[in-house]
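The chain contents come next:
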Amino acid sequence: MGPLAATRLLAMISLTVALDNGLLKTPPMGWMAWERFRCDIDCKDDPENCIGEGLFRDMADRLAEDGWKELGYEYVIIDDCWMSMLRDEQGRLQPEPSRFPGGIPKLARYIHDRGLKLGIYADMGTRTCMGFPGTTLDKIEIDAQTFASWGVDYLKFDGCNSNPVQQMLGYPLMSKALNATGRPMAYSCSWPVYVGGLPMNVNYTFLGDICHLWRNYYDIQDSWDSLQSIIEWFSNNQDDLQPAAGPGRWNDPDMLIIGNFGLSVDQARSQMALWAIMAAPLIMSNDLRNLDNSARAILQNKVAIAINQDPMGIQGRRLLQEKSHIEVYWRPLSHSASALVFLSRRTDMPYHYRSSLAKLHYNIGNYKAYDVFAGSTVKALNATTEFSVSINPSGVVMWYVYTEQQSKQMEILHYQQKKASQFTFNNAKPGHHTVL
């Protein structure tokens, strides 16, 4: 099929595609296997960590029992490498039976019984990124129907081993096919990352009509360098990317790697803060069975989550890059509140950054700020009064800024966060770090 014919077909598809099923009015939250567990399919020698039903049952248990579900972390998402190398006799994808002996429907029931939702992975191409069966154009409808019949709630649709014309046709067709099943499913598209991620090659208005979220940039790796490159790319292109986001349509800078091996505590706070500012999906990829208390406290921070989940759904922006290597990020929130993040790109020592709210374009008046990670209130904050914050190298100071009229609401949230930090689960199991 030539490009002109593909464009005409796409125009016809677009007339009938609109993924308006009411899902993901705030960014999705949950857990995904890929960054932490990759394509470990050795269930003989590594049964606890291989891509098999046991891993996903374990993570569902942790989300349900360790306080994650109540905070909004609801999706358990299978990534690549779950499939058998062959489709079944009816042409349907099927899980590798030695690793998923109960099949996906049984796993879906297990996850649903815990009040959670199941996500799954497929690839718009001849093969997945790791070489398992792909979803070619002629298989889109049967795959969508298969996922619906299994009780899947979320599809991540990758794009390895496909060309731009196939992607231009396949991503809208999958949206239409998911709609046609009658089962509401969140739809995560990897389309933009395969064509450069920017509007010269991506129609974000159209993308927002067919997908709930989309990967714009390369995969995150377990390192501060990787995290910084993602933050830099999104910030440098924020004029193009920021308007594309909103309720039901989200830019996705990829998974939260907090609790793994590559980030310090300060760097982990930086990721949580910036993902909240960017209205990014909060999809963890870590081992919830062995999560230390500092990582848990960051990921379960109620104020950071509330900022991320703000119902207005406006993605934040980088306001300033100082010569001191301090950057300031801002996001408008409901009820005339806002969030500020002061990020240090320094590598030497804590830096005292001085500014005022007026310099950051706030209107004249009196404000209060809640320091999200310190858990304390910054009082008597006049817009014109200079303040100073001490920011650790590669760390952040994150403020929730509000007016005097919002003080009572903030006091309640502060009390809830303080109470949560003192809570120890009664049903803690040996080896599980369940102190918040």
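Worth saying up front: this structure is predicted, and the values here are computed from it rather than measured. (Residues numbered from 1 in each chain as written. Predicted model: local features only at pLDDT ≥ 70, side-chain atom pairs only at ≥ 80, totals over all residues. Heavy atoms only, no water.)

With respect to the overall build of the chain
What counts is decided by this rule: Working definition: helices are DSSP H or I runs of at least four residues, strands are E runs of at least two. Numbering for both runs from the N terminus. Two residues qualify as a contact provided that any one of their heavy atoms is within 4.5 Å of a heavy atom in the partner residue. Each accessible area value is a Shrake-Rupley result obtained with a 1.4 Å probe; residue values ignore everything except the protein chains displayed when judging cover.
Summing up its helical and strand segments, the chain has 15 helices and 16 strands in all. Partitioning the contacts of the chain with sequence separation of at least 6, the portion at a separation of at least 24 is 72%. Entry remark: accessible area of the chain is about 17900 Å², with carbon and sulfur atoms responsible for 51%.

Some details on the environment of asparagine 366
What counts is decided by this rule: Throughout this description, buried means an accessible area under 20% of the type-specific maximum (1.4 Å probe, protein chains only), exposed means over 50%, and partly exposed covers the range between.
Note that asparagine 366 resides in strand β13 (residues 366-371). Judged by its relative accessible area of 47%, asparagine 366 falls in the partly exposed class. For asparagine 366, the contacting residues outside a window of four places in its chain are Leu381, Asn382, Thr403 and Glu404.

Here's the deal with the packing of aromatic side chains
In plain terms, the rule: Each Phe, Tyr or Trp ring, with Trp reduced to its six-membered ring, pairs with another whose centre is within 6.5 Å; inter-plane angles below 30 degrees give stacked pairs, above 60 give edge-to-face pairs, and intermediate values give tilted ones. To sit over a ring, a charge needs its Lys NZ or Arg CZ within 6 Å of the ring centre and within 35 degrees of the ring normal.
Counted according to the given criterion, the structure contains 20 aromatic pairs. With centroids separated by 5.8 Å and ring planes inclined at 50°, the aromatic side chains of tyrosine 204 and tryptophan 214 adopt a geometry described as tilted. Of this pair, tyrosine 204 sits in helix α9 (residues 204-210) while tryptophan 214 is found in strand β6 (residues 213-215), placing the two residues ten residues apart along the sequence. Judged by its relative accessible area of 7%, tyrosine 204 falls in the buried class. Since its relative accessible area comes to 0%, tryptophan 214 is described here as buried. Taking 5.7 Å as the distance between ring centres and 35° as the angle between the ring planes, the aromatic pair formed by tyrosine 400 and tyrosine 402 counts as tilted. An aromatic cluster is built from Trp31, Phe37, Phe56 and Phe100, whose rings are joined through pairwise contacts. When the ring centre of phenylalanine 37 is taken as origin, the NZ or CZ atom of arginine 36, which lies over that ring, is 4.7 Å away. Taking the ring centre of tyrosine 110 as reference, the NZ or CZ of arginine 114 above it sits at 3.5 Å.

Comments concerning the pattern of salt bridges
Counted only if it meets this: Any carboxyl oxygen of Asp or Glu that lies within 4 Å of a side-chain nitrogen of Lys or Arg is treated as forming a salt bridge with it.
One pass over the structure, following the stated rule, counts 20 salt bridges. The partner of arginine 289 in a salt bridge is aspartate 58, and the shortest N-O contact between them spans 3.0 Å. Separated by 231 residues along the polypeptide, arginine 289 in the loop between β8 (282-284) and α13 (293-299) and aspartate 58 in helix α3 (residues 53-65) bring together distant segments of the chain. Overall, the relative accessible area of 8% leaves arginine 289 in the buried class. The closest approach of N and O atoms between arginine 215 and aspartate 254, which form a salt bridge, is 3.5 Å. With arginine 215 in strand β6 and aspartate 254 in the loop between β7 (250-252) and α12 (265-277), this pair connects stretches of sequence that are 39 residues apart. As far as burial versus exposure is concerned, arginine 215 and aspartate 254 are alike and both buried. When salt bridges that share partners are traced, they join Glu232, Arg318, Glu327 and Arg345 into one network.

Things to note about the sheet that holds β13
The pairing of strands in a sheet happens through backbone hydrogen bonds and is either parallel or antiparallel. Condition: At least two bridges found by DSSP between two strands are what make those strands a pair. Note on definitions: angles span 0 to 180 degrees between N-to-C directions of axes, and those axes are lines fitted to C-alpha atoms, for helices only across the stretch in contact.
Pairing is antiparallel in the open sheet, where six strands are placed in the order β9-β10-β11-β16-β13-β14. Either end of the sheet is taken by a strand with one partner, and the two such strands are β9 (317-321) and β14 (376-382). Pairwise comparison of adjacent strand axes, ignoring direction, gives a mean angle of 25° for this sheet. Pairing of strand β11 (residues 338-344) with strand β16 (residues 396-403) involves six bridges; the strand directions are antiparallel. Residue alanine 339 lies in a different strand from β16, and its bridge partner there is tyrosine 400.

Thoughts on the nonpolar core
Heads up, the condition is: What we call a nonpolar core is a set of buried Ala, Val, Leu, Ile, Met, Phe, Trp, Tyr and Cys residues that are connected through their side-chain atoms within 4.5 Å.
Membership of the largest hydrophobic core comes to 121 residues, with the highest contact counts inside it found for Trp31, Tyr73, Trp82, Met272 and Trp275. Other than its neighbours up to four places away in sequence, tryptophan 82 contacts Ile51, Leu93, Gln94, Pro95, Glu96, Arg99, Phe100, Ile104, Ile120, Tyr121, Phe147 and Trp150. Counting 18 residues, the second largest nonpolar core, distinct from the first, contains Ile326, Leu381, Ile391 and Val397.

A short note on helix α10 (residues 224-236)
Operational definition: For a helix, the expected span equals 1.5 Å multiplied by the residue count minus one.
Spanning 13 residues, α10 covers 18 Å between terminal C-alpha atoms, matching the ideal 18 Å at 1.5 Å per step. Buried within α10 are the following residues: Trp224, Ser226, Leu227, Gln228, Ile230, Ile231, Trp233, Phe234 and Ser235. Taken together, the buried residues of α10 touch α11 (238-241), β7, α12, β9, β10 (326-332) and β11.

Some remarks on the confidence of the model for the chain
What counts is decided by this rule: In predicted models, pLDDT denotes the confidence assigned by the predictor to each residue on a 0 to 100 scale.
Taken over all residues, the pLDDT of the chain has a mean of 92, while the share at 70 or more is 89%. Every residue in residues 423-436 scores below 50 in pLDDT, and together they form 31 contacts with partners more than four places removed in sequence or on other chains.

Examining the packing of α10 against α12
To be explicit about the condition: Orientation labels follow simple angle bins: below 35 degrees gives roughly parallel, above 145 gives roughly antiparallel, 65 to 115 gives roughly perpendicular, and whatever is left gives oblique. The handedness criterion is simple: a crossing whose near helix is rotated anticlockwise from the far helix by less than a right angle is left-handed, and one whose near helix is rotated clockwise is right-handed. Under the convention adopted here, Pro, Cys and the residues Ala, Val, Leu, Ile, Met, Phe, Trp and Tyr are nonpolar, Asp, Glu, Lys and Arg are charged, and Gly plus all remaining residues are polar.
Their axes nearest at 11 Å, the elements α10 and α12 cross at an angle of 25°. Considering their axes alone, α10 and α12 lie roughly parallel with respect to each other. Remark: the crossing between α10 and α12 carries left-handed chirality. Residue-level contacts link Trp224, Leu227, Ile230 and Ile231 of α10 to Gln267, Ser270, Gln271, Leu274 and Trp275 of α12. Per-class residue counts for the contact of α10 with α12 are six nonpolar, three polar and no charged.

Remarks on the state of the cysteines
Operational definition: To count as a disulfide, a pair of cysteine sulfur atoms needs to be within 2.5 Å.
For the structure on display, the rule yields four disulfides. The disulfide partner of cysteine 189 is cysteine 211, and the S-S distance across this bridge is 1.9 Å. Here the disulfide of cysteine 189 and cysteine 211 is left-handed, its torsion about the S-S bond being about -90°. Here cysteine 189, found in strand β5 (residues 186-189), pairs with cysteine 211, found in the loop between α9 and β6; they are 22 residues apart in sequence, far enough to count as distant.

Some words on the packing of α3 against helix α5 (residues 103-113)
Put simply, α3 and α5 touch, their axes get as near as 10 Å, and they point 10° apart. Taken together, α3 and α5 sit at an angle that is classed as roughly parallel. Touching Glu53, Phe56, Arg57, Ala60 and Asp61 of α3 are Gly103, Leu107, Tyr110 and Ile111, all from α5. Split into classes, the residues belonging to the contact of α3 with α5 amount to five nonpolar, one polar and three charged.

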